[in-house]
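The lines below spell out each chain.
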Amino acid sequence: MKTVLLIGMGKFGQTLGQTLINMGDDVMIVDKDEDVINSLAPKYANALIANCMNADNLKAMDIPSFDVCIVAISDDFQSSLEITSILKDLGAKWVVSRADTEIQRKFLFRVGADEVVYPNHDIAEKLAVKLNSENVYDYIEIDNEYSIFEIAVPERWNGKTLVDENPRGKYGLNILLIKKGKNIVPSPGANYVFEDGDHILVFGSTEKILAFTNKNSQSGKLKAKKRKKD
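All of these numbers come straight from a predicted model, not from anything done at the bench.

Conventions we followed
Residues numbered from 1 in each chain as written. Predicted model: local features only at pLDDT ≥ 70, side-chain atom pairs only at ≥ 80, totals over all residues. Heavy atoms only, no water. Pairing = 2+ DSSP bridges. Helix = DSSP H or I, 4+ residues; strand = E, 2+ residues; numbered from the N terminus. Axes fitted to C-alpha atoms, helices over the stretch in contact; angles between N-to-C directions. Salt bridge = Lys/Arg side-chain N within 4 Å of Asp/Glu carboxyl O. Buried < 20%, exposed > 50% of the residue type's maximum accessible area, 1.4 Å probe, protein only.

**Topic: the sheet that holds strand β7 (residues 136-141)**
The five strands are arranged β7-β8-β11-β9-β10 in an open sheet whose pairing can be described as antiparallel. The open sheet has two free edges, formed respectively by β7 and β10 (183-186), since each of these has just one partner strand. Each strand axis lies, on average, 20 degrees off the axis of its neighbour in the sheet, ignoring direction. Where β7 lies against strand β8 (residues 146-152), five bridges are found, and the strand directions are antiparallel. Paired with V136 across the bridge in β8 is I151.

Here it is in structure tokens:
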């Protein structure tokens, strides 16, 4: 469980706050809009109406006591920038700030943000990846080069073992686990036999994984076209 200070309760902040609560975190929410806080207060142990541009208001919250401080403001970048800077000056352990553009992301890092989330960019990127590969179900970008993907096992792998296909050697795919419906097979052995409907969680070069998924997606489309002609 983490103690979280969540500043800015727009749609993004509300969704994030609810998710953190569901995960068992202790969340304190803050917003300058009285109506917003009054409507959300029953869900949280701590809810405060305050203008966080005021350093004294933030200081009264005992910033160093929180594991994470999140600046989720989306409609006032100047406020987000200044609040991020004040939080670091007050001894915040870890500050996560929201950005809507690449320039905003750079400025937030410059004033002290430890992590910057870029929801609009991330959503657009994930959608683009999914649209271009029918086999991709989800992915997490680790950095500019590496990612973790959840992908469907290619049809040609069915009935074959992990050592037969050698995904690491052939495609640079490091299989972390296999999902079989609601069941999970962690760190599958070399003799694991792939079955129809299996999903694999793989870690590796984003470029290599996308090349693999796109190739298999195109292969599936070609097979479908041939069946229609037949």
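**Notes on the pattern of salt bridges**
A complete count under the given rule lists eight salt bridges for this structure. Here K88 ties to D114 by a salt bridge, and the two come within 2.9 Å at their closest N and O atoms. Taken together, the positions of K88 in helix α4 (residues 77-89) and D114 in the loop between α5 (102-110) and β6 (115-117) put the pair 26 residues apart, joining distant regions of the chain. When its relative accessible area of 27% is taken as the criterion, D114 is described as partly exposed. A salt bridge links E195 to K180; its shortest N-O distance comes to 3.1 Å. Here K180 lies in strand β9 (residues 174-180) and E195 lies in the loop between β10 and β11 (199-205), a separation of 15 residues in the sequence.

No statement about biological role is implied by the geometric values presented.
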